[in-house]
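Tertiary structure, described
Listed below, chain by chain, are the residues.
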Amino acid sequence: MENSNLKRKKVSLEFLKLSNPFLLIFKWLVILGFISLAVGSASAFFLLALEKVTQFRELNFWIVYFLPLAGIFIGWLYFYYGKNITKGNNLLLEEIHSPTSIIPIRMAPFVFFGTIMTHLFGGSAGREGTAVQMGGSIAHQLVRFVPLTSKEQQTLIILGMSAGFASVFGTPIAAAVFSIEVIRIGTYRWKLILPSLVTAYLAHSVCLEWGVTHSHYPNIPLDITNTAICCLVVISIFSGWVAKLFTLFIHKVTELHSALVHYPPFRPLFGGTILVVLFGFGFSPVYFGLGLPTIQAAFVGPLPWETFLLKLILTALTIGSGFKGGEVTPLFFIGASLGNVFGYFDPVHLMLFVGVGFISVFAGASNTPVASAIMGMELFGWESGIIFFLTSQIAYISSGHSSIYSSQMIGRAKFFSPTTHVGKKISELKK
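Keep in mind that what you see is a predicted model, and the values were worked out from it rather than measured. Residue positions are counted from 1 within each chain, in the order its sequence is given. With pLDDT at 70 or above as the cut-off, local features in this predicted model cover only qualifying residues; side-chain atom pairs require 80 or more to be listed or tallied, and sums for whole chains, interfaces and linings still use all residues. Calculation of side-chain values draws on the structure's entire complement of heavy atoms; hydrogens and water are dropped beforehand.

This part takes up the overall build of the protein. Here a helix means four or more residues in a row that DSSP labels H or I, a strand means two or more in a row labelled E, and each is numbered from the N terminus. Assigned secondary structure in the protein consists of 16 helices and two strands. At 22 Å, the protein has a C-alpha radius of gyration in line with the 22 Å of a compact globule built from 431 residues. Once the C-alpha set of the protein is aligned to its principal axes, its extents read approximately 90 × 55 × 50 Å. The rule is simple: take the accessible area with a 1.4 Å probe, protein chains only, and divide by the maximum for that residue type; under 20% is buried, over 50% is exposed, in between is partly exposed. Sorting the 431 residues of the protein into buried and exposed places 58% on the buried side. The reference for a compact globule is 2.2 Å times residues^0.38; the radius of gyration itself is calculated from the C-alpha atoms.

For this analysis, a nonpolar core means a set of buried residues of the types Ala, Val, Leu, Ile, Met, Phe, Trp, Tyr and Cys, connected via side-chain atoms within 4.5 Å. One finds Ile35, Ile295, Phe358 and Phe380 to be the most contacted residues of the largest nonpolar core, which totals 128 residues. Broken down by element, the residue count for this core peaks at 12 residues, all from helix α1 (residues 2-59). Contact definition: two residues touch when any of their heavy atoms are within 4.5 Å. In contact with Ile35, other than residues within four places in its own chain, are Gly40, Ala139, Leu142, Leu156, Leu159, Gly160, Ala163 and Thr199.

With that settled, the discussion passes to the side chain of Thr391. Mapped onto the secondary structure, Thr391 falls in helix α16 (residues 385-398). Among the residues examined, Thr391 registers a relative accessible area of 5% and is labelled buried. For this analysis, a polar contact is any N or O atom pair within 3.5 Å, provided that within protein one partner can donate a hydrogen and the other can accept it, and provided that sequence-adjacent residues contribute only side-chain to side-chain pairs. Of note is the side chain of Thr391, whose polar atom sits 3.3 Å from the backbone oxygen of Phe388.

With that out of the way, let us pick up the side chain of His97. Within the secondary structure, His97 sits in helix α3 (residues 89-97). A polar atom in the side chain of His97 sits 3.2 Å from the backbone oxygen of Ser407. Not counting residues up to four positions away in its chain, the partners in contact with His97 are Gln154, Ile183, Arg184, Ser407 and Met409.

Pairing of aromatic rings covers Phe, Tyr and Trp, the last through its six-membered ring, and needs centres within 6.5 Å; plane angles under 30 degrees mean stacked, over 60 mean edge-to-face, and all others mean tilted. Enumeration according to the criterion identifies 34 aromatic pairs in this entry. Pairing Phe238 with Phe342 gives two aromatic rings, centres 6.4 Å apart and planes at 85°, and the pair type is edge-to-face. Here Phe238 is found in helix α9 (residues 226-260), whereas its partner Phe342 is found in the loop between α13 (328-341) and α14 (350-366), with 104 residues between them in sequence. Under the relative-accessibility criterion, Phe342 is labelled buried at 9%. Taken together, the ring pairs in this structure connect Phe165, Phe169, Phe178, Tyr217, Phe299, Phe332, Phe358, Phe362, Phe380 and Phe388 into an aromatic cluster. Whether a charge sits over a ring comes down to the Lys NZ or Arg CZ being within 6 Å of the ring centre and within 35 degrees of the ring normal. Here the guanidinium or amino end of Lys311 rests over the ring plane of Phe333, the centre of that ring lying 4.9 Å away.

As a further point, take the confidence of the model for the protein. Confidence of the predictor in every single residue is expressed as pLDDT, which spans 0 to 100. Scored by pLDDT, the protein comes out at a mean of 92, with 95% of its residues at no less than 70. Here α1 stands out as the element of the protein with the lowest mean pLDDT, 77, in contrast to α14, whose mean of 98 is the highest. Counted against residues more than four places away or in other chains, residues 4-18, with its pLDDT under 50, gives zero contacts.

When you line up the elements, Gly400 lands in the loop between α16 and β2 (409-410). The class of Gly400 is buried, set by a relative accessible area of 9%. Between the alpha carbons of Gly400 and Trp62 there is a distance of 41 Å; along the sequence they are 338 residues apart. For Gly400, the contacting residues outside a window of four places in its chain are Asn367, Lys414 and Ser417.

Opposite charge on two side chains permits pairing when their charged atoms draw close. By convention in these notes, a salt bridge is any Lys or Arg side-chain nitrogen within 4 Å of a carboxyl oxygen on Asp or Glu. Counted under the stated rule, the structure contains three salt bridges. One salt bridge connects Glu152 with Lys27, and the closest N-O pair in it is separated by 3.5 Å. Of this pair, Glu152 sits in helix α6 (residues 150-169) while Lys27 sits in helix α1; the two residues are 125 residues apart in sequence, bridging distant segments of the chain. We classify Glu152 as buried; its relative accessible area is 17%. Ionic pairing is found between Glu255 and Lys252, a salt bridge with its closest N-O pair at 3.8 Å. With Glu255 and Lys252 both in helix α9 and three residues apart, this pair spans about one turn of that helix. By relative accessible area, which is 47% here, Lys252 ends up partly exposed.

Next up on the list: the environment of Trp62. As for its position among the elements, Trp62 is in the loop between α1 and α2 (67-81). Judged by its relative accessible area of 48%, Trp62 is partly exposed. As for Trp62 and Lys83, which are separated by 21 residues in sequence, their C-alpha atoms are 32 Å apart.

So, on to helix α7 (residues 172-181). Burial runs high along α7: nine of the 10 residues are buried. Listing the buried residues of α7 in full gives Pro172, Ala174, Ala175, Ala176, Val177, Phe178, Ser179, Ile180 and Glu181. In this structure, the buried residues of α7 make contact with α6, β1 (184-185), α8 (193-209), α14 and α15 (369-380).

A word on unusual backbone geometry. A positive phi is found at Asn367, a non-glycine position, where the angle reads about 60°. Summarising the element assignment, Asn367 is placed in the loop between α14 and α15. What makes Asn367 buried here is its relative accessible area of 0%. For Phe416, which is not a glycine, the phi torsion comes out positive at approximately 70°. In this structure, Phe416 sits in the segment after β2.

Here, axes are lines fitted to C-alpha atoms. For helices the fit covers the stretch in contact, and angles between N-to-C directions go from 0 to 180 degrees. Running from amino to carboxyl end, helix α5 (residues 128-140) crosses α6 at an angle of 145°, the nearest separation of the two axes being 7 Å. For the pair α5 and α6, the sense of crossing is right-handed. Side by side, α5 and α6 meet where Glu128, Ala131, Val132, Gly135, Gly136, Ala139 and His140 of the first sit next to Gln153, Leu156, Ile157, Gly160, Met161, Gly164, Phe165, Val168 and Phe169 of the second. In the contact of α5 with α6, the residues fall into nine nonpolar, six polar and one charged. Should the near helix be turned counterclockwise from the far one by less than a right angle, the crossing is left-handed, whereas a clockwise turn marks it as right-handed. Under the convention adopted here, Pro, Cys and the residues Ala, Val, Leu, Ile, Met, Phe, Trp and Tyr are nonpolar, Asp, Glu, Lys and Arg are charged, and Gly plus all remaining residues are polar.

See below:
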């Protein structure tokens, strides 16, 4: 009798071993489907809401004068009810590096509301941070319902980030690479590229099904001259330096607000007041909000040379003082207007210069050169892909060990940067 029971147990165990791969595939297909549907839908709702508040602000620009009041409300909300989610994207990265707990689901509605308020009243911020935080927090909630290992929990966050980035920008391949590249500088989790890519495409498709449209940019042909090559090299180096300056400004503004304003809810009030004063002194409305029309205009004709610098200052004041949103779209604005400056030297290649600046400043600030180059190809066409890869790498190197994500770890030292930084977080380099 015992022998027969043992045999049955062995048979059942063998059956489980055979079925495990299929069960595993089925489980992850369900997980990928859930993340894509939930995050893609959330991003669509966010983008549609963002479009509405932007239209309202542009028609009623007097509302900018209420930015300080919006700031104190956002600060109060996060101080009393969102202390454990104030780190934003850095919280996602920290949970990937060292899983400790489930990311609070309140991160999604809080960052959604905070970003909408920021844009309604004219703060200079982006949308990537919101989408990535929403994606990561929504995806991580599956830990409550599905038994997962520590590494599988990390994978959930990465897939959520990929879904959020893809659905908000409409660049699924770049999103998939971004989510595995942004974690650790110089290293990649290539084994996750397939699920990340599937999730990104599905989330992007879900977002489109909700009627969302993304910005369209001109196709940039590969047409190189000696003058253009010289300009491209200089743009790439400058992009890295500007990215480093942008990061430094945000950190300094944050530190200054912390030192001067001890009650956290008053920090965005203080920052919002400065922004209103600048507006009152003549800062153009183009520097407030996302600034998508200016990005489009950069491909067409010359902009004032100081455009990139003014956007950099206003974005640093907005994000550094505690308003919510992302840094990526402002980085696109800064990079596109920086590249536009070089159109004065070679007007024929204006679009190429703008496109390279667009992706290179982002590459230097986020330390994601491969994702940035692929984004360039998805947005501007594949013909100039080799240019995008080379310029993104140069900007990535010239930005040094700096990042808009202070919890980003250094997995491999960049050229001309100290090897002693390897294994440390960006935030630890300042100590």
